[in-house]
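# Fold and contact review
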Amino acid sequence: MKKLLLSTMLLATVSAWGQRQEIVLTDNWQFSQVPCDESSWKTVSVPHDWAIDGPFDKKWDLQTVAIEQNGETEATEKSGRSGALPWIGEGHYTRKFTIPSGFDGHAELIFDGAMAEPLVTVNDQMAGRWAYGYNAFRIDITHLVKPGENRLEVSLQNLEESSRWYPGAGLYRPVKLVLTNKTYIDDWSLVARTVSISNNKAEMEVDMQVVGMNPDVLYTLALVDANGEQVAGITSKNPGQDGAVHARLTVKNPKLWSPESPSLYRLKARAIGKGAEILDEKTVNVGIRTVRVDREHGFQLNGVTRKIKGVCLHHDLGPLGAAVNKAALIRQVKIMKEMGCDAIRTSHNMPSQMQMDVCDSLGMMVMAESFDMWRYPKCKNGYSRFFDDWADKDITNLVLANRNHPCIVMWSIGNEIPEQSNAVGRQLSIRLQGLCHSLDPTRPVTQGLDRVDHALGNGIAQVMDVPGFNYRLNKYAEGIKRLPQGFLLGSETASTVSSRGVYKFPVETTDNSQYSSWAPGYDPKAIKNADGQCSAYDVESCAWSNLPDDDWRWQDDYDWVIGEFVWTGFDYLGEPTPFDEYWPSRSSYFGICDLAGLPKDRYFLYRSHWNKDRHTIHLLPHWTWPKRKGQVTPVYCYTDYPEAELFINGKSQGRIKKQSDPSPLTSYPTPQDKNRLDRYRLRWNDVKYEPGELKVVVYDEMGKNCGEEVVRTAGKPHHLQLDVWTQQSEQSPLLLGGAGGRLLSADGQDLAFVTVSLVDKDGTLIPDAQDQLTFDVTGAGTFRAACNGDATSLEPFTKPTMKLFNGQLVVIVQAGHETGNVVLTVSDKKRGMKQHVTIAVGR
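For every chain, the first residue of the written sequence is number 1, and numbering continues from 1 onward in sequence order. For a predicted model such as this one, the threshold for reporting local features is a pLDDT of at least 70, and the threshold for listing and counting side-chain atom pairs is 80 or more; totals across whole chains, interfaces and linings nevertheless cover every residue. As a rule here, side-chain values cover all heavy atoms of the structure and leave hydrogens and water aside.

All right, on to the overall build of the protein chain then. Secondary structure elements are defined from DSSP: runs of H or I of at least 4 residues count as helices, runs of E of at least 2 residues count as strands, and each element is numbered from the N terminus. If you tally the helices and strands in the protein chain, you get ten helices and 48 strands. The atom set for the radius of gyration is the C-alpha atoms, and the globule formula is 2.2 Å times the number of residues raised to the power 0.38. Whereas a compact globule of 843 residues would reach a radius of gyration of roughly 28 Å, the protein chain reaches 27 Å, a difference of no more than 12%. By its C-alpha atoms, the protein chain is 85 × 65 × 55 Å across when sized along the principal axes. The proportion of buried residues among the 843 residues of the protein chain is 62%. Only heavy atoms enter the contact rule, under which two residues are in contact if any of them lie within 4.5 Å. Summarising the internal contacts of the protein chain: among those between residues at least 6 apart in sequence, 71% fall at separations of at least 24. Here, Shrake-Rupley sampling with a 1.4 Å probe gives the accessible areas, and only protein chains in the shown set may cover a residue. Summed over its atoms, the accessible surface of the protein chain is roughly 31,300 Å², and 48% of this surface lies on carbon and sulfur atoms. The charge count includes Lys and Arg as positive and Asp and Glu as negative, but it does not include His or the ends of the chains. To locate a charge, the coordinates of NZ of Lys, CZ of Arg, CG of Asp or CD of Glu are taken. For the protein chain, the distance from the average position of its 92 positive side-chain charges to the average position of its 103 negative side-chain charges is 2 Å. Exposure categories follow from relative accessible area, calculated using a 1.4 Å probe and restricted to protein chains: below 20% of the type maximum is buried, above 50% is exposed, and the middle band is partly exposed.

Pasting the structure below:
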C-alpha cells in the first residue's frame, strides 16, 4: 500500500506503561479501495463492511453455475446468489497507534475476522497474514513496534465466486491491540473446564501458559461469582519450568450455566514477580456446565436430557451487512429466545467473539461451525484453495479462541462437504474431529451431512460424535439402523420459504420446483410470471426440503432424534431460493423472521411448539381483502392449545382439534398427505371472506376456554406508529404499541431499532401499504440503516428513504459519542403524515 500522511487521523493512546492493556481499535481508521488516489480515502469505524452501502446490481458476482447442494446438474445464471452487493475487490485500511515511552514488553494484534485474505503490516514491515476471512487470528508485533507513533495497515481482497452467500467485505469484526510485560499470560491459553458436577459441588480444571518464565514467577487463580465473591482459587504457586499451569478448583453450590439460567463466573489469573509485583493479569468469563450425548440419554446439559430447539444463522445482520454489532446481536438472540429457541448454529463459519459473549450472557447454546467446503470446491474461489495448508490452523484457532464460552456445546467441522461421498472424507473427518478433541476434550463434534447414503456407506456418519443429517427425513428410519451412536441430530432442517405478509391463493403445499430449471416440475412460464415472493401460509418449501411439521413428527415420536437446527432464524443476504434464477431477488426467504428482524407468521408456529413458558395464539392471514368478498380464504391458528373455535363477525366457522398422524413414520410425508399439517396447526380451509372481525377462541385438553385472539379489517390509513427497542429495553424486541426502551449508550456503536407501521385510527396495520417514507435524524446520533424485509427491493439500506413492505419497516439509529437526545422523524409525503420519536443517549 502506498504510504500516506493522513493529517486528520487521531492516535490510539495508552497510559504510562504498567500492566496489561487491551485497546480495541475502533475509531479513526482510514479506508480506500483505490489507495493510490488520495481523495478516495475516508474515515471509518471498525467493525466496517465496505459493500453494504450498495448499490444492488445483478452484475456483482453474477454466477453461471449448477448448485450441486440443490441437486442441479446444469449451470444457469444466478444473479443474487451472493447478495448482489459490491463486495468483490480490494480494500485497504490504515490507522496510527501509540506505544508508551519505555515499553519493552510484548505487543500483539488480535483480529476477530477480516474479509478476506488479510495482509497486515506495521511500520511498513510485513507482520503477518491469514487466509480465512471468518477466523480469529493473532499477530505478534513486538519486534515491529517502537515507542511513540506507529502505523498499522491491513490489505484485503475478495475474489468473485468465493462464496455461496453474502460474505461482507472489510474489517467487519473488532481489532484489538494487547500490550503486556515480557512475562505474560498467553491470551488463548487460559481455559477452564468443568470436569464433574455432583453433590452440590463442581470440579474444574484450569490450564494456562505463562510466557517469559523465570524461577521467581508465581501465579494465582481466583474464580469470582456475579456478586464479586471469590468461590474458589489458588494462591502463589510456581508454574512448571516451561510456564505451563494445570490446576484443579472445587466450587461448592455452583450456579450452573444453562439457557434458562445463564450464570457466569469470572476467572482471574495473575503472574506475579519476585517483589510481589503483578506482571500480568488476565480475566475471562466462564460457566460451570457439562455436555454429554449418548444412546441412552440423547443430548444432555448438566445431566438433564433435552431436545435441541435450534436455528441456523448466517453472520450478516441484514441492513448492517457483516459488520458485527452488539446491540444487533442481542436483538437477534432475544427474538429467538422468546420463540423458545435454545440454540444457534453458526452456519457455515467461525463465529465472532462478540456473538459468543452475547450467547453466554443471555443463555443460547451454540454449535460453532467451521467450514462450508474442504478440498472440493463448491464455488470456484472458495476455501478449497486453502484447505490443505490452513485447515488445521483454522480449527486450532476456532477452538482456542472460543473454548471458554459455556454457550458452545459442540463443534462442527463442516457443512455438506462433497468429500462425504468418498473414503477421503472419512479420513479427513477423523483427523479434524481428533484435532478438536485434542484441543478441547469436553465437547462433541459433528458435521452436517446431506448425502446421507454416501456418508453411511463410507462410514463418515458412523465416526462422528454426533451424526448430523441435513434434511433427508426419508433417510432417518434406515439411517438410525446403521448408526452405532444410536441417535442423530437434524443439523439443518425445514428450509420452508415465505415472505412476510404475502398470502397466495389458492393455498397449496408446494416445493416450488416450477421455478427451478433443473427440477422435474420446472415451468418456464412460472418463473417468467413470478413476483419474487413466497406465501406466508407456510406451505412452501424447496425440492430438497420440507415444512416444520414434518421435522416435528420425527422429533416428537422418536427419542433418538435429539433435536434440530432450522434453516434459518432470520433471512440473510444472498441465496434467494427458490428464486435463484429470478431478478431482482437478492436475499433469502428461509428466515423465520425477515431481513429486518420482523417476525413472519412462521415465527408463531415455532413459538407454539417450542415456547413452554408462555402460550401462543396467532391467527393468519390478515383480514383486509377488499377484492376477496365471498371467496375462500383459509384461516390458520398457530397455538399450543389443542382445540379452537373460529368466528367471523360472531358467526362460528367450526370448532376443531389438532389431529394425530394417520400412519407411522415409515415413509417421507408428501404434499399430498391429507393430514400433514393438522397435528401442529388448526386450519379452517373453507372460510369465505367477509370484512369485519376474525376471532379465535382456544381450549385446553379439558375443554376449558383459555383465551382468544382477534384480527380486524383495517380502515383508512391514519398515522405512523413508531416502536423503539434498544438493548436496555426490558420489553421484547417484538412488542409493538408501547414506548419501549429509549436509552442508548454514548459509545458510538449502540443502536436503536425503530419499527415503523402504517396503521388505521384504531392501530390496525394497513397490511398492503407500500408507501415511500423518508427519515431524518438529529441530535446525539445518526441514521444508520433501514430495511423493509422485501427480498426483491433494490433500495439501498443506508439511504434515508425506503418503501414500506406490507405496512412495515425498521429504521436503525446509531448513538454518537456525546450525551443528549437523538430525534428520529419519519415522514410519509404521499399522505402528509409525520411522526417522531426521541431517544436518550447517556453514559
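Picking up where we left off.
Now for the nonpolar core. Membership of the largest hydrophobic core comes to 208 residues, with the highest contact counts inside it found for W29, I141, L171, V311, M336 and F775. The element best represented in this core is helix α1 (residues 326-339), accounting for eight residues. Those residues in contact with V311 that lie beyond four places of it in its chain are M336, M339, C341, A343, I344, R345, F565, V566, G569, I592 and W610. Within this scheme, the nonpolar core is defined by two criteria: the residues are buried Ala, Val, Leu, Ile, Met, Phe, Trp, Tyr or Cys, and they are joined through side-chain atoms within 4.5 Å. One finds L190, L223, I234 and Y265 within the second-largest nonpolar core, a separate group that totals 26 residues.

What follows concerns the packing of helix α3 (residues 387-402) against helix α4 (residues 423-439). Running from amino to carboxyl end, α3 crosses α4 at an angle of 30 degrees, the nearest separation of the two axes being 9 Å. Put simply, α3 runs roughly parallel to α4. Considering how the two elements wind past one another, α3 and α4 form a crossing that is right-handed. Contacts between α3 and α4 pair F387, A391, D392, I395, T396, V399 and L400 from the former with L428, R431, L432, L435, C436 and L439 from the latter. Only Asp, Glu, Lys and Arg are considered charged in this grouping, and only Ala, Val, Leu, Ile, Met, Phe, Trp, Tyr, Cys and Pro are considered nonpolar; every other residue, Gly among them, is considered polar. When grouped by side-chain class, the residues that make up the contact of α3 with α4 number ten nonpolar, one polar and two charged. An axis is simply a line fitted to the C-alpha atoms; with a helix, the fit covers only the stretch in contact. Between two such axes, the angle follows the N-to-C directions and lies from 0 to 180 degrees. By definition in this entry, angles of less than 35 degrees are roughly parallel, angles greater than 145 are roughly antiparallel, angles of 65 to 115 are roughly perpendicular, and the rest are oblique. Two helices crossing with the near one rotated counterclockwise from the far one by less than a right angle form a left-handed crossing, whereas a clockwise rotation gives a right-handed crossing.

Attention now moves to the state of the cysteines. Any covalent bond linking the sulfur atoms of two cysteines counts as a disulfide. Two cysteine sulfur atoms make up a disulfide if the distance between them is within 2.5 Å. Under the defined criterion, the tally for this structure stands at zero disulfides. Not part of a disulfide, C312 finds its nearest cysteine sulfur in C341, a span of 9.8 Å. For C312, a relative accessible area of 0% translates into the label buried. Distance from the sulfur of C534, which forms no disulfide, to the nearest cysteine sulfur (C542) is 7.6 Å. Owing to a relative accessible area of 0%, C534 belongs among the buried residues under this scheme.

Before going further, it helps to spend a moment on the packing of aromatic side chains. Given two aromatic rings, their pairing is described by the distance between the two centres and the angle made by the two planes. A pair of Phe, Tyr and Trp rings is counted when the ring centres sit within 6.5 Å of each other, with Trp represented by its six-membered ring. The angle between the planes then sorts it: under 30 degrees is stacked, over 60 is edge-to-face, the rest tilted. All told, the structure shown has 39 aromatic pairs when counted by the stated rule. Ring geometry for F56 against F797: centres 5.5 Å apart, planes inclined by 85 degrees, an arrangement best described as edge-to-face. Within this pair, whereas F56 is found in the loop between β4 (42-44) and β5 (63-65), its partner F797 is found in the loop between β44 (781-787) and β45 (801-803), the two being separated by 741 residues in sequence. Taken as a pair, F56 and F797 share a single burial class, namely buried. Summarising the aromatic geometry, the rings of W374 and F387 are spaced 6.0 Å apart at their centres and angled 25 degrees between planes, so their arrangement reads as stacked. Remark: F387 occurs in helix α3 and W374 occurs in the loop between β27 (365-369) and α3; sequence separation between them is 13 residues. Under the relative-accessibility criterion, W374 is labelled buried at 1%. Among the aromatic residues, those joined into a ring-pair cluster are Y132, Y134, F371, W374, Y383, F386 and F387. Placement of a positive charge over a ring is assigned whenever Lys NZ or Arg CZ falls within 6 Å of the ring centre and within 35 degrees of the normal to the ring plane. Across the ring face of W29, the terminal group of R95 is positioned such that the distance to the ring centre comes to 5.8 Å.

Glancing now at the sheet that holds strand β38 (residues 693-699). At least two DSSP bridges between two strands are needed for those strands to be called paired. Strand order in this open sheet of four strands is β36-β35-β38-β39, and the pairing throughout is antiparallel. Each having just a single partner strand, β36 (651-657) and β39 (705-712) make up the two edges of the open sheet. Sheet twist, expressed as the average angle between the axes of neighbouring strands with direction ignored, equals 15 degrees. Relative to β38, strand β35 (residues 643-648) is paired through six bridges, and the arrangement is antiparallel. Bridged to I648 within β38 is L694.

To continue, consider empty space enclosed by the protein. A cavity here means a set of 1 Å grid points, computed over protein atoms only, where a 1.4 Å probe fits but cannot escape. A pocket is an open set with protein on both sides within 12 Å along at least 5 of 7 lines, and lining residues have an atom within 4 Å of a point. Grid points are joined across faces, edges and corners, and a volume is the space filled by probe spheres set on the points. All told, the structure shown has seven cavities of 30 Å³ or more when counted by the stated rule. Here the largest cavity defines a volume of roughly 300 Å³. Along its surface, the largest cavity is lined by 25 residues, and Y132, Y134, S162, G382 and Y383 are the ones closest to its centre.

With that settled, consider the sheet that holds strand β23 (residues 298-301). The strand order across the open sheet built from three strands is β22-β23-β24, with neighbouring strands paired in antiparallel fashion. Two strands in the sheet have a free side with no partner beyond their single neighbour: β22 (291-294) and β24 (304-305). Bridge analysis of β22 against β23 gives four bridges, and the strand direction is antiparallel. Across the sheet, residue V291 finds its bridge partner in β23, namely L301.

What pLDDT expresses is the predictor's confidence in each residue, scored from 0 to 100. Mean pLDDT for the protein chain: 94, with 95% of residues reaching 70 or above. Overall, residues 1-17 carries pLDDT values under 50, and its contacts beyond four positions in sequence, including any with other chains, amount to 53 contacts.

Right, let's talk about the pairing of strand β48 (residues 833-842) for a bit. Across three bridges, the pairing between strand β41 (residues 743-745) and β48 is parallel. Opposite L743, over in β48, you have A840 as the bridge partner. Of the pairings in the sheet, the one linking strand β47 (residues 820-828) to β48 comprises nine bridges and is antiparallel in character. The residue bridging S827 from the neighbouring strand is K834, located in β48.

Let's shift gears to the environment of E77. Tracing the backbone shows E77 in strand β6 (residues 76-78). With relative accessibility at 39%, the residue E77 sits in the partly exposed group. Placed 40 residues apart in sequence, E77 and E117 show a C-alpha to C-alpha distance of 27 Å. When sequence neighbours within four positions are dropped, the list of residues in contact with E77 reads K58, L62, Q63, T64, D580 and E581. For this analysis, a polar contact is any N or O atom pair within 3.5 Å, provided that within protein one partner can donate a hydrogen and the other can accept it, and provided that sequence-adjacent residues contribute only side-chain to side-chain pairs. There is a polar contact of 3.3 Å between the side chain of E77 and the side chain of K58.

This brings us to the pairing of strand β21 (residues 278-286). Where strand β20 (residues 265-272) lies against β21, eight bridges are found, and the strand directions are antiparallel. The partner of A271 across the bridge, within β21, is D280. Between β20 and β21, which pair antiparallel one after the other, the connecting turn spans five residues, and A276 there sits at a positive phi close to 70 degrees.

Between its first and last C-alpha atoms α3 spans 21 Å; for 16 residues at 1.5 Å apiece the expected length is 22 Å, and the two agree. Contacts made by the buried residues of α3 are with β10 (125-129), β11 (137-140), α2 (353-362), β27, β28 (408-415) and α4. Each residue after the first adds 1.5 Å to the expected span of a helix.

The next point concerns unusual backbone geometry. The residue after M115, namely A116, is reached through a cis peptide bond having omega 0 degrees. Tracing the backbone through its elements, the reader meets A116 in the loop between β8 (106-111) and β9 (119-122). In this model, W567 is joined to T568 through a cis peptide bond whose omega is -5 degrees. A positive phi angle, near 60 degrees, is found at A84, a position not held by glycine. Here A84 shows up in the loop between β6 and β7 (89-99). Given a relative accessible area of 1%, A84 falls into the buried group. A positive phi angle, near 50 degrees, is found at N253, a position not held by glycine. When you line up the elements, N253 lands in the loop between β19 (244-252) and β20. According to the relative accessible area criterion, N253 is exposed, its value standing at 59%.

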